[in-house]
Amino acid sequence: MAYDGGGCKNNKAALVGLLSLFFVALVNGVSGAGEEPGSSNAAIKTLCEPTTYRETCEEVLVKSNVDSKDPRELVKAGFHFAIEQLKAAIANSPTLKQAATDPMAQKAVDACDELMDYAIDDLLTSFDKITDSFDVHRVNAYLENLRIWLSAALTYQETCLDGFENVPGDTGEKMKNLLKTSREMTANGLVMVGEVTSLVSTLWEKLGLLPQSGRQLRTEESNEYQAGEPSWVSDRRGLLEATGANIKANVVVAKDGSGKYKTITEALKEVPLKSNTTFVIYVKEGVYEEQVLVDKKMTYVMVIGDGPTKTKITASKNVIDGTPTFKSATFAAIGSNFIGKDLWFDNSAGPKKHQAVALRVQSDMSIFYNCRMDAYQDTLYPQTKRQFYRDCTISGTVDFIFGNAAVVLQNCKILVRKPMPNQTCFVTAQGRVEIDEPTGIVLQNCIISADPEFYPIRHTSKIFLGRPWKKYSRTVIMQCQLDDLIHPEGWMRWSDDSTLKTLFYTEFDNRGPGAAKENRVKWEGIKQITAKQAINFTPSLFIQGDDWIKHSGIPYTGGMMKI
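Residues numbered from 1 in each chain as written. Predicted model: local features only at pLDDT ≥ 70, side-chain atom pairs only at ≥ 80, totals over all residues. Heavy atoms only, no water.

Trainee: Where do I start with the pattern of salt bridges in this structure?
Mentor: Two side chains carrying opposite charge are able to pair once their charged atoms lie near each other. Applying the stated criterion to the full structure yields 20 salt bridges. Among the salt bridges present, the one from Glu49 reaches Arg54, with a minimum N-O distance of 3.2 Å. Of the residues examined, Arg54 reaches a relative accessible area of 40% and is grouped as partly exposed. For the salt bridge of Arg390 with Asp391, the shortest nitrogen-to-oxygen distance reads 3.1 Å. (Salt bridge = Lys/Arg side-chain N within 4 Å of Asp/Glu carboxyl O. Buried < 20%, exposed > 50% of the residue type's maximum accessible area, 1.4 Å probe, protein only.)

Below you can see the structure in the form of structure tokens.
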């Protein structure tokens, strides 16, 4: 579609104005702070109209006390209030902790402090990316990022409250009250992003600049991709094709003393903070008994081992012995753009210790290739943001792939282990809290089977594909091999029927004796999708994988796979 330069400029100006109005409302809305309200206006009512918590939205936005006509200044001031509100929750933590008599409640408060810091960081990231380097041509990418970051901020608040489940006392209720406004307005922000995304897509479509989907996928032949390629993509191209023995590592870890360090934790101290250059840690064959944290400032870290049966990282933290699920992970990857290759992540607590995480990930645009994750309950915790797993093996019993990331597991082996007597097993437990979150668990061309010890007695226990951990739980199983251990009903409710209408579970183009759908549960939330709809859950669209996985050097299929 042809258009003249002047018209284009006018339309772009209109778009920038629209986005500025949106960001003002969104950021001021998250704050819930301010002095006496000024006069309300139609824009606030319009923006709050589609939100989940409209009354809270209008009340909070009207209270905004920013005296400026510059949208950027309004955003900055609003974000200041947002951060102050979340800090207020942290400031109240010592009082809550002191009042709590139960040790688990005290640990839950400590976890909340850490989680609120993560939420603040993601809100700040959203602000910085939009206000400091806003490019109207990349508005769709900004909106995708906003949805991911807002979902993460919401998930951290939800994880904070999850830590108080089954804990005696009223500490959890007090924390819930402290976070009420920020949780509701973060959820409202997700709705607003969805509304703006729709408006932007319609506007670009009218300008002839984008296809109807609102996304323009890049191909290998696209000059646009090469021109806009981040430096870290080319920096990593050869790394994922290398082995530990021949990679040029920044530091080597060896249990036998042949490296610079004997532990991974020691090696991580050398990682330059907030870098955008890949820092490679080679961990030689051996068993490393340590709890490892790649913290939020350790970005672009790659940890490579000698193979998923040779380089083993193991610990045994668990809920029964007093560690909250969130803090039980043997290995936690927080900093963005993490890569794990040829590694074995293990939590050795055992089935009687209940929740005991082997690997927890909140690293955005993280990749795990040829890795193994072993535990029983809650093995793999893709907590937040965009993640990709290729050619990995994950084993467990109960909810052993769970969390609220936007995550795709491609070509992975998913093995159900021998459970305790009379214990029911669930492969997934996805935790989407709001319908507008861009999150979900996608299993593509994976094998779901029994591990060797469980195989001979696999029909003595009930095995389900998943159950809804949260209200809008979303799981997609497509192009997978489902062996005969899967219960004919396929899915199980959590504890009641409250989520059966709001969840989104679908199976598409699967194979094997466990894939028969004749006797599947008939809940309203069980969806039958078409091939065209299934494409939306492939890595290229669901996690924008072509931009950050495609040229990394690992095997990768952005669309539907050839089976």
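Trainee: I keep staring at the state of the cysteines and nothing clicks. Help me out?
Mentor: Working definition: the covalent bond between the sulfur atoms of two cysteines is a disulfide. A full pass over the atoms with the stated rule returns 1 disulfide. Covalently, Cys112 is tied to Cys160 through a disulfide, its sulfur atoms 2.0 Å apart. The S-S bond linking Cys112 to Cys160 shows a torsion near 95 degrees; that makes this disulfide right-handed. Note that Cys112 is positioned in helix α6 (residues 103-132) and Cys160 in helix α7 (residues 139-162), a separation of 48 residues in sequence. For Cys112, a relative accessible area of 1% puts it in the buried group. Look at Cys160 and you get buried, because its relative accessible area is 1%. The closest cysteine sulfur to the non-disulfide-bonded Cys480 is located on Cys446, 4.7 Å from its own sulfur. (Disulfide = S-S within 2.5 Å. Helix = DSSP H or I, 4+ residues; strand = E, 2+ residues; numbered from the N terminus.)

Trainee: Looking at this model, I keep getting lost on the packing of aromatic side chains. Mind explaining?
Mentor: A full pass over the atoms with the stated rule returns 13 aromatic pairs. For the ring pair Phe426 and Phe464, a centre distance of 5.9 Å and an interplane angle of 20 degrees mean the geometry is stacked. One end of the pair, Phe426, is in strand β19 (residues 425-430); the other, Phe464, is in strand β22 (residues 463-466), and 38 residues separate them in sequence. Across the pair, exposure class does not vary: Phe426 and Phe464 are buried alike. Between Trp491 and Tyr505, the aromatic rings sit 4.2 Å apart at their centres with planes inclined by 25 degrees, giving stacked as the arrangement. Placement of the pair is Trp491 in the loop between β24 (481-482) and β25 (504-508) and Tyr505 in strand β25, with a sequence separation of 14 residues. Each member of the pair, Trp491 as well as Tyr505, is classed as buried. Linked through ring pairs, Phe331, Phe338, Phe345, Phe368 and Tyr389 together constitute an aromatic cluster. When the ring centre of Tyr455 is taken as origin, the NZ or CZ atom of Arg458, which lies over that ring, is 3.8 Å away. Looking at Arg467, its charged tip hangs above the ring of Trp494, at a distance of 4.0 Å from the centre. (Phe/Tyr/Trp six-rings, centres within 6.5 Å; stacked < 30°, edge-to-face > 60°. Lys NZ or Arg CZ within 6 Å of the ring centre and 35° of its normal.)

Trainee: Whenever I open this one, the nonpolar core confuses me. Can you help?
Mentor: Across soluble globular proteins, nonpolar side chains show a tendency to be buried alongside one another. Counting 64 residues, the largest nonpolar core has Ile281, Phe331, Phe345, Phe368, Tyr389, Ile394 and Leu409 as the members making the most contacts within it. For this core, the two domains that each supply at least three residues are domain 2 (248-358) and domain 3 (397-553). Sequence-distant contacts of Ile394, that is, excluding residues within four places in its chain, are made with Met373, Thr379, Leu380, Phe400, Ile401, Leu409, Cys412, Lys413, Ile414 and Leu415. With 32 residues, the next largest nonpolar core counts Leu115, Val139, Leu154 and Phe164 among its residues. (Core = buried A, V, L, I, M, F, W, Y, C linked by side-chain atoms within 4.5 Å. Domains from an automatic or database assignment. Contact = heavy atoms within 4.5 Å.)

Trainee: How do you make sense of the pairing of strand β6 (residues 311-315) when you look at a structure like this?
Mentor: As a general feature of sheets, a regular strand has side chains that alternate between the two faces. Extensive coverage of β6 is indicated by the burial of 4 of its 5 residues. Across 4 bridges, the pairing between strand β3 (residues 286-289) and β6 is parallel. What sits directly across from Glu289, in β6, is Thr314. (Pairing = 2+ DSSP bridges.)

Trainee: So what exactly am I meant to see when it comes to the pairing of strand β9 (residues 344-347) here?
Mentor: In β9, alternate side chains face the same way, and those of Trp344 and Asp346 on one face and Phe345 and Asn347 on the other are all buried. Note: β6 against β9, 4 bridges, orientation parallel. Its bridge partner being in β9, Thr314 is matched across the sheet by Asp346.

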